[in-house]
Amino acid sequence: LGFTVVTQAGIELGKLDHWLATGANDVIVVKGEKERLIPFVMQRFILEVDTAAKRITVDWDPEF
């Protein structure tokens, strides 16, 4: 928790607040200027998890 979530372009979406367990896959809840629910699917939406830097890089439209 507390990881910074950024897009591939370096736009900060917010901080990882918590996880939701769903039937299909987990979802991360990112809180920034708005709350976003991003499916935790590696290589599709989640591109990199850098534990040392506490950063998650996502393929996500910042307008969504």
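Reading the values: the criteria
- Residues numbered from 1 in each chain as written.
- Predicted model: local features only at pLDDT ≥ 70, side-chain atom pairs only at ≥ 80, totals over all residues.
- Heavy atoms only, no water.
- Phe/Tyr/Trp six-rings, centres within 6.5 Å; stacked < 30°, edge-to-face > 60°.
- Helix = DSSP H or I, 4+ residues; strand = E, 2+ residues; numbered from the N terminus.
- Buried < 20%, exposed > 50% of the residue type's maximum accessible area, 1.4 Å probe, protein only.

## Side note on the packing of aromatic side chains
Piece 1. The final tally for this structure, using the stated rule, is 3 aromatic pairs.
Piece 2. Between the aromatic rings of Phe-45 and Trp-60, the centroid separation amounts to 5.5 Å while the plane-to-plane angle is 75°, which identifies the pairing as edge-to-face. Of the two residues, Phe-45 sits in the loop between strand E4 (35-39) and strand E5 (46-50) while Trp-60 sits in the segment after strand E6 (55-58), which places them 15 residues apart along the sequence.
Piece 3. On the basis of relative accessibility, which here comes to 18%, the residue Phe-45 falls in the buried class.
Piece 4. Exposure remark for Trp-60: the relative accessible area of 13% places this residue in the buried category.
Piece 5. Every member of this aromatic cluster is reached through a ring pair, and the members are Phe-45, Trp-60 and Phe-64.

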